[in-house]
Amino acid sequence: MSSVEVERRAAQTLWDVRDVASYLKASVSWVYKAAERGDLPCMRIGGLLRFDGRAVRAFALGRSRG
């Protein structure tokens, strides 16, 4: 599998709270709080929070809302 294909697949998958915390080098509790405040874009699937990797990257770069 080429690196382009790996990146494409990664962009299509939803991240969980631990993925986001790891990417942002933040605590899991901070991710939950930021998501609940509406600062960190997320979606609820049942009782779970899921994040679009592209939206998390944009948040990290200061372009959180479009």
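This section reports on the structure supplied with the text. (Residues numbered from 1 in each chain as written. Predicted model: local features only at pLDDT ≥ 70, side-chain atom pairs only at ≥ 80, totals over all residues. Heavy atoms only, no water.)

It is worth spelling out the packing of helix α2 (residues 17-24) against helix α4 (residues 53-60) at this point. Two elements in contact, α2 and α4, have axes whose closest approach is 11 Å; the angle formed by their N-to-C orientations is 30°. With respect to their mutual orientation, α2 and α4 come out roughly parallel. Of the two elements, α2 crosses α4, and the hand of that crossing is right-handed. Seen from α2, the contacting residues are Val20, Tyr23 and Leu24; seen from α4, they are Val56, Arg57, Phe59 and Ala60. Of the residues belonging to the contact of α2 with α4, the class tally is six nonpolar, no polar and one charged. (Axes fitted to C-alpha atoms, helices over the stretch in contact; angles between N-to-C directions. Helix = DSSP H or I, 4+ residues; strand = E, 2+ residues; numbered from the N terminus. Parallel < 35°, antiparallel > 145°, perpendicular 65-115°, else oblique. Left-handed = near helix turned anticlockwise from the far one by under 90°. Contact = heavy atoms within 4.5 Å. Nonpolar A, V, L, I, M, F, W, Y, C, P; charged D, E, K, R; others polar.)

Moving on to unusual backbone geometry. The phi angle of most residues is negative, glycine excepted, and most peptide bonds adopt the trans form. Although it is not a glycine, Lys25 adopts a positive phi angle of roughly 55°. Within the element layout of this structure, Lys25 appears in the loop between α2 and α3 (28-37). Judged by relative accessible area, Lys25 falls into the exposed class, the value being 75%. (Buried < 20%, exposed > 50% of the residue type's maximum accessible area, 1.4 Å probe, protein only.)

As far as function goes, none of this settles anything; it's purely spatial.
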